[in-house]
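Structural features, examined
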Amino acid sequence: MRSSAQPAAERLFAHLFAALALCAALAGCGARGEVERQESFVFGTRVEVVVFGADRAQAREALGEVLREFDRLHRLLHAWQPSELTRLNAAFASGESVEVDAEMAALLTEVQAAAARGEDLFNPAAGALVAAWGFHADEFVARRPDPALRHALVAAQPRMADLVIAPRPQGGASISSRNRAVQLDLGGYGKGYALDRAAALLRARGVCCALVNIGGNVMAIGNKAGKPWRIGIQHPRKPEALATVELHDGEAIGTSGDYQRYFELDGERLCHLIDPRSGEPVRHTQSLTVLMPAGPHAGARSDADSKPLFIVGREGWQAMATRMEVANALRVDADGSVAMTPGMKARLLPH
């Protein structure tokens, strides 16, 4: 049996490409003011926040606040290190209810709505399947789960709808699960939620122009020197842009791909995006990108809504995009062919 971990060069290329795309987006910004940027490594990926045209002290203070918020969310939502999420999962497995604050109650309510919108193909309640494939680790080992365990986890059918969120008069909520198999993994929602939080914090600080990049999930605030931000959509197999789009104020773009967290085993690329219907990693799609219009939860939707479209496959993804009201989406098939919605086609810039 031959196995290999994700090659270091390929693991780095996703992060480096995002940095290059962000640098390209900032070209020519000096015409109106200073560019301030800070970066970090959270949510298992490279994060960069860029502020343009603000007072330097104001920009640095805002950037620091955003990165501190990212660290807080990373600790709050970690799926396998001790966190609020692991506390919830332990309670669900024991059949107990647990008290949470208003933020967590609201967040899980939003995640329930996202899972329903994605017809449970986006299924953050199926974290045990992700763990069974070895992806609940910073350095994962190439292995297949025991078939009996995989079948049992699929048969248990954990869903976000199994959660009972009972608001408390004094604030927050009591949360329980009707299904002890529910194990939350918000890796498909947390980065987008963080984009929305970053945008809110930056705007509250009076920052009018910024770009937030969390591992290729990007949100635009304002513009650069009066022009929209230009962002490259990463090619899933090459260190280059597959296409380029303009992002306007409040818009967000996100990609689900098989090239960031994966391993190779017996000649197969097995990624962390698991089809909850089969318990198997998706093999028919290389990447799926969605571009969400400005509005409430645009960042979260750019993260979550790409998952069911990635999972559903070549025959049904466009129909599902219509049902989900995702107008702008681009899919790269396992054979490398590219398809897109009419809305996304209209947004792509000519090469």
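Fair warning: this is a prediction, and the values are worked out from it, not measured in the lab. (Residues numbered from 1 in each chain as written. Predicted model: local features only at pLDDT ≥ 70, side-chain atom pairs only at ≥ 80, totals over all residues. Heavy atoms only, no water.)

A look at helix α4 (residues 102–117)
- For α4, spanning 16 residues, the distance from its first C-alpha to its last is 23 Å, which sits close to the expected 22 Å at 1.5 Å a residue.
- Those residues of α4 that sit buried are Met104, Ala105, Leu107, Leu108, Val111, Ala114 and Ala115.
- After α4 finishes, the residue Glu119 shows a positive phi value of roughly 55°. (Helix = DSSP H or I, 4+ residues; strand = E, 2+ residues; numbered from the N terminus. Expected span 1.5 Å × (residues − 1). Buried < 20%, exposed > 50% of the residue type's maximum accessible area, 1.4 Å probe, protein only.)

Brief notes about the sheet that holds strand β4 (residues 98–100)
- Ordered in space as β4-β6-β5, the 3 strands form an open sheet in which the pairing is antiparallel. The sheet terminates laterally at β4 and β5 (163–167), the two strands that pair on one side only. Each strand axis lies, on average, 30° off the axis of its neighbour in the sheet, ignoring direction.
- With 5 bridges joining them, β5 and strand β6 (residues 173–177) adopt antiparallel strand pairing. Within β6, the residue paired with Val164 across the bridge is Ser176.
- With respect to the sheet, helix α3 (residues 84–93) is in contact with β4, β5 and β6, its orientation differing from that of β4 by roughly 155°. (Pairing = 2+ DSSP bridges. Axes fitted to C-alpha atoms, helices over the stretch in contact; angles between N-to-C directions. Contact = heavy atoms within 4.5 Å.)

Considerations on the packing of aromatic side chains
- Applying the stated criterion across every chain yields a total of 3 aromatic pairs.
- Where Phe43 meets Phe70, the ring centres are 5.8 Å apart and the plane angle is 65°; that geometry is what we call edge-to-face. Of the two residues, Phe43 sits in the loop between β2 (35–42) and β3 (45–52) while Phe70 sits in helix α2 (residues 56–77), which places them 27 residues apart along the sequence.
- Phe70 sits in the buried class, given a relative accessible area of 0%.
- Taken together, Phe135, Phe140 and Phe263 form an aromatic cluster joined through their ring pairs. (Phe/Tyr/Trp six-rings, centres within 6.5 Å; stacked < 30°, edge-to-face > 60°.)

A short note on the sheet that holds strand β11 (residues 252–257)
- If you trace the 8 strands from one edge of the open sheet to the other, you get β2-β3-β7-β8-β11-β16-β17-β18, paired in antiparallel fashion. For this open sheet the edge positions go to β2 and β18 (338–340), each flanked by a neighbour on one side alone. Adjacent strand axes in the sheet meet at a mean angle of 10°, parallel and antiparallel pairs treated alike.
- The sheet contact formed by strand β7 (residues 210–214) and strand β8 (residues 217–221) spans 5 bridges and is antiparallel. What sits directly across from Ile214, in β8, is Asn217.
- Contacts from α2 reach β2, β3 and β7, with the element oriented near 15° to β2.

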